[in-house]
Amino acid sequence: MFTSDKGVVEEWLSEFKTLPETSLPNYATNLKDKDSLVSSLYKVIQEPQSELLEPVCHQLFEFYRSGEERLLRFTLQFLPELIWCYLAISASRNVHSSGCIEALLLGVYNLEIVDKQGHSKVLSFTIPSLSKPSVYHEPSSIGSMALTESALSQHGLSKVVYSGPHPQREMLTAQNRFEVLTFLLLCYNAALTYMPSVSLQSLCQICSRICVCGYPRQHVRKYKGISNRIPVSSEFMVQMLTGIYFAFYNGEWDLAQKALDDIIYRAQLELYPEPLLVANAIKASLPHGAMKSSKEGTRYIQVEITPTSSRISRNAVTSMSIRGHRWKRHEQPDNNNDTTELGILVIPEISVTSVAGERTGNGEKGRTLGEIDAQHMQGVQETATDPRTESKGLPEIRRQKSVRKLMEDGINSPGRVQF
């Protein structure tokens, strides 16, 4: 540790002790912009034998219990590094060097498990239902499964998972170690959106180191330091994956990718189904290319949403509805005579007369609509060449015009036509 870093830390320690309580909000606002202080504090935490470690841990705990939200987040950003240091010291069996770090972790844990009145907290989580749309899926794309989930949700069968109440701890032991550390990572993940990039980098790095230390992959990663295996729990690894998933889409793609691979490696060795399921789901949902997002811009996760199908109003006016309306207008059912069977429609008798008032012959009644339509499509028209021609010419033309008008009005049936 350099002398300049030591001087920055010592100035920070003395400044807070003389700070009046009324100036606490302004002090907390300006604290997040001191990058040199944050870098120096990381160096102090990474040196267990440093003489500044104990006063730094004490002041970080004072920040956490001050009640100021920004000071609380300032302490939380060092939580991954503190967890790694504690686990590394515990694996090396040098318990005496981790006393102040253990006290800080226990203090944060005991503060988080109770509310402001001192009562134990009970956290509840509602498992999302596949029948309700989200930014990740639409029920219509799932098929029959969505109907089953929808039926269950209507009966109020949504599954709620409860966490707590958690007992207070006076010391960390091998039995309760990962219970406490898992809950602390849960508190850290709840404030991920406020964590700076240096904290996300620290999270990814310590996840890789915890998973590969003592295994052959440690030589591949070229991690120096301890070579002992660090035991982990399945729940602790799931909480690590939550933070890594956030780091993927917030500018730390490379480190998060390496940490994800190391967690899968360790979960396969330990045969832990929960972290394997979550890690493989994250890996399958990642885009093929690296995500490069702005450090200072809006942080978000890109997802692809299925576009909604266009809907047509049931009362919209279309060409089919117009044809149906004309059909009903010209249809005159006669219950006493013929009936409509299998789409055969009887057209009422149409009187076609000549100019002289003569009625057409009986032979013309037998002509069907199909025959007349075929003649019309072929361009066959029997017209009179002379105005003084026989009276059969004009009735034939008028008959074709009448049938053509019926066809234009929408009557298209294989039934017989009576004239």
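In short, a report on the structure.

Thresholds applied
- Residues numbered from 1 in each chain as written.
- Predicted model: local features only at pLDDT ≥ 70, side-chain atom pairs only at ≥ 80, totals over all residues.
- Heavy atoms only, no water.
- Helix = DSSP H or I, 4+ residues; strand = E, 2+ residues; numbered from the N terminus.
- Buried < 20%, exposed > 50% of the residue type's maximum accessible area, 1.4 Å probe, protein only.
- Contact = heavy atoms within 4.5 Å.
- Areas by Shrake-Rupley, 256 points an atom, 1.4 Å probe, with all protein chains shown as cover.
- Phe/Tyr/Trp six-rings, centres within 6.5 Å; stacked < 30°, edge-to-face > 60°.
- Lys NZ or Arg CZ within 6 Å of the ring centre and 35° of its normal.
- Expected span 1.5 Å × (residues − 1).
- Arc of directions from axis to C-beta.
- Lys, Arg positive; Asp, Glu negative; His and termini not counted.
- Salt bridge = Lys/Arg side-chain N within 4 Å of Asp/Glu carboxyl O.
- Patch = residues over 30% accessible without salt bridge, like charges linked within 9 Å, V, L, I, M, F, W, Y side chains within 5 Å.
- Axes fitted to C-alpha atoms, helices over the stretch in contact; angles between N-to-C directions.
- Parallel < 35°, antiparallel > 145°, perpendicular 65-115°, else oblique.
- Left-handed = near helix turned anticlockwise from the far one by under 90°.
- Disulfide = S-S within 2.5 Å.
- Nonpolar A, V, L, I, M, F, W, Y, C, P; charged D, E, K, R; others polar.
- Polar contact = N/O pair within 3.5 Å; in protein donor to acceptor, adjacent residues only side chain to side chain.
- Core = buried A, V, L, I, M, F, W, Y, C linked by side-chain atoms within 4.5 Å.

1. Re the overall build of the protein chain
The number of helices and strands found in the protein chain is 17 helices and two strands. Out of the 419 residues in the protein chain, the part that is buried amounts to 37%. For the protein chain, restricting intrachain contacts to residue pairs at least 6 apart in sequence, the fraction spanning at least 24 positions comes to 73%. Accessible surface computed for the protein chain: about 25900 Å², of which carbon and sulfur atoms make up 52%.

2. Some details on the packing of aromatic side chains
A complete count under the given rule lists 13 aromatic pairs for this structure. Geometrically, the ring pair formed by Y109 and F183 is edge-to-face, given 5.6 Å between the ring centres and 85° between the ring planes. You can see Y109 sitting in helix α7 (residues 99-112) and its partner F183 sitting in helix α9 (residues 177-190), a full 74 residues away along the chain. The ring of Y223 carries R209 above its face, with NZ or CZ at 5.5 Å from the centroid. Here the basic side chain of R229 rests over the ring of Y215, its NZ or CZ set 4.2 Å away from the ring centre.

3. Some thoughts on helix α14 (residues 273-285)
Taking 1.5 Å as the rise per residue, α14 with 13 residues should run 18 Å; its terminal C-alpha atoms sit 18 Å apart, in good agreement. Turning to α14, its buried residues are P275, L276, A279 and I282. Looking straight down α14, one finds its buried side chains confined to an arc of 135°; they lie on one side. Exposed residues on α14 whose side chains face more than 90 degrees from its buried face are P273, L277 and A284. Looking at the packing, one finds that the buried side of α14 touches α12 (234-248) and α13 (253-270).

4. Looking at the side chain of E81
With respect to the secondary-structure elements, E81 resides in helix α6 (residues 79-91). Comment: no salt bridge for buried E81; closest opposite-charge side chain is R209, at 5.5 Å. Apart from the residues within four sequence positions on either side, E81 is in contact with Y42, I45, Q46, S202 and I206.

5. A short note on a nonpolar patch on the surface
Together, V122, V160 and Y162 make up an exposed nonpolar region whose accessible area comes to about 290 Å². Mapping V160 onto the fold places it in strand β2 (residues 160-163). The class of V160 is partly exposed, set by a relative accessible area of 33%.

6. Points about the packing of helix α1 (residues 3-17) against helix α2 (residues 24-31)
At a minimum axis distance of 12 Å, the contact between α1 and α2 shows a crossing angle of 160°. One way to sum up the angle between α1 and α2 is to call them roughly antiparallel. The handedness of the crossing between α1 and α2 comes out as left-handed. Where α1 abuts α2, its residues W12, E15 and F16 lie against L24, Y27 and L31.

7. Here's the deal with the state of the cysteines
Applying the stated criterion to the full structure yields zero disulfides. C57 takes part in no disulfide bond, and the closest cysteine sulfur, belonging to C100, lies 4.1 Å away. Take C57: its relative accessible area is 4%, and that puts it in the buried class.

8. Examining the packing of α1 against helix α4 (residues 53-64)
Packing of α1 against α4 brings their axes to within 11 Å, and their N-to-C directions diverge by 45°. The angle between α1 and α4 places the two elements in the oblique class. Here α1 and α4 pass one another in a crossing that is left-handed. Mapping the contact onto sequence places V9, W12, L13 and F16 in α1 and P55, V56, Q59, L60, E62 and F63 in α4. Residues of the contact of α1 with α4, tallied by class, amount to eight nonpolar, one polar and one charged.

9. Observations concerning the environment of K258
Take K258: it is sitting in helix α13. Considered as a pair, K258 and C207 are 51 residues apart in the sequence and their alpha carbons are 9.4 Å apart.

10. As for the side chain of T182
Of note, T182 is situated in helix α9. What makes T182 buried here is its relative accessible area of 13%. Among the polar contacts listed, one links the side chain of T182 to the backbone oxygen of F178, at a separation of 2.5 Å. Apart from residues lying up to four places away in sequence, T182 is in contact with S233, E235, F236 and Q239.

11. A look at the nonpolar core
Soluble globular proteins tend to bury their nonpolar side chains together. Counting 93 residues, the largest nonpolar core has W12 and F74 as its most contacted members. Broken down by element, this core gets its largest block of residues, nine residues, from α6.

12. Focus on the pattern of salt bridges
Taken as a whole and assessed by the stated rule, the structure comprises 10 salt bridges. For R65, the salt bridge goes to E62, with nearest N and O atoms at 2.8 Å. One salt bridge connects E270 with R266, and the closest N-O pair in it is separated by 3.0 Å. Residue E270 and its partner R266 are located together in helix α13, separated by four residues, close to a single helical turn. Judged by relative accessible area, E270 falls into the partly exposed class, the value being 28%. In the salt-bridge network here, residues are joined through shared partners; they are R217, R221 and D262.

13. Quick look at helix α5 (residues 69-76)
Within α5, burial applies to L71, L72, F74, T75 and L76. Contacts from the buried residues of α5 go to α1, α2, α3 (35-45), α4, α6 and α9.

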